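Coordinates in review
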Amino acid sequence: MVDVQQAPTTRGRVITYPVALRAARRRFMGSGALAMDRLTEDLWVSRATLYRVVGSRDRLLGDVLWQLAGRTLEIARLDADADGLRGVDRVLRVARRFDDEVGSFEPLQAYLDAEPEDATRVLFGVTARVHRRTVAAWTDILTSELDDGTLDPLPCGTRQAAFALVRIGESVLFGSMLAGVEPDRELADRLRRSVLQA
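Residues numbered from 1 in each chain as written. Predicted model: local features only at pLDDT ≥ 70, side-chain atom pairs only at ≥ 80, totals over all residues. Heavy atoms only, no water.

1. Remarks on unusual backbone geometry
Only a minority of non-glycine residues have a phi that is not negative, and only a minority of peptide bonds are not trans. For Trp-44, which is not a glycine, the phi torsion comes out positive at approximately 55 degrees. Within the secondary structure, Trp-44 sits in the loop between helix H2 (36–43) and helix H3 (47–54). Trp-44 sits in the partly exposed class, given a relative accessible area of 34%. In this structure, Arg-129 takes a positive phi of about 60 degrees despite not being glycine. Counting through the fold element by element, Arg-129 comes out in the loop between helix H7 (116–124) and helix H8 (130–148). (Helix = DSSP H or I, 4+ residues; strand = E, 2+ residues; numbered from the N terminus. Buried < 20%, exposed > 50% of the residue type's maximum accessible area, 1.4 Å probe, protein only.)

See the structure below:
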């Protein structure tokens, strides 16, 4: 038991957004959830202070999910590089590896199971910016391949192709939550290839 008289006081405690983000990531990784009341206890701040620093739970949770997704995407890119893949094959390998890693990430799966409506808002909504940042990251991947000359010009344009690839990936990762549809990874690969090739 913590002696209340010796516990840190929440009054006047100053935290920064990066500190709150690290604490939120630890809590999400440990529980597959982000309860703001628990986070105030972790940080020894009041609820008012926490919200003043982070803005909203959706924004904070969106940043947690994007940090995890961005790192996973980078690992998938390095994996494809190590195999010497280029062009369409590299893009497809990155997408498959990303799907595999995200689809087996237990904290995320626990969150999707426990809070599907909340997850839908955070993953696809404007405030959390997870979807938007994922499209931007895929735009960078495609642009890199185009700049290297390993990918032919995309029939529908770079950003539109990135958007389509992300939507295909989301159908694999979240189809059962959104529509009760089991993912068809082979179909996803064929659709991705059709986006990337004229």
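Okay, back to it.
2. Here's the deal with the packing of H2 against H3
Between H2 and H3, the least distance of the axes is 9 Å, while the angle of their chain directions is 100 degrees. Taken together, the axes of H2 and H3 lie roughly perpendicular to each other. From H2, Met-36, Asp-37, Leu-39, Thr-40 and Leu-43 reach across to H3, where they touch Arg-47, Leu-50, Tyr-51 and Val-54. Looking at the contact of H2 with H3 residue by residue, the class counts come to six nonpolar, one polar and two charged. (Axes fitted to C-alpha atoms, helices over the stretch in contact; angles between N-to-C directions. Parallel < 35°, antiparallel > 145°, perpendicular 65-115°, else oblique. Contact = heavy atoms within 4.5 Å. Nonpolar A, V, L, I, M, F, W, Y, C, P; charged D, E, K, R; others polar.)

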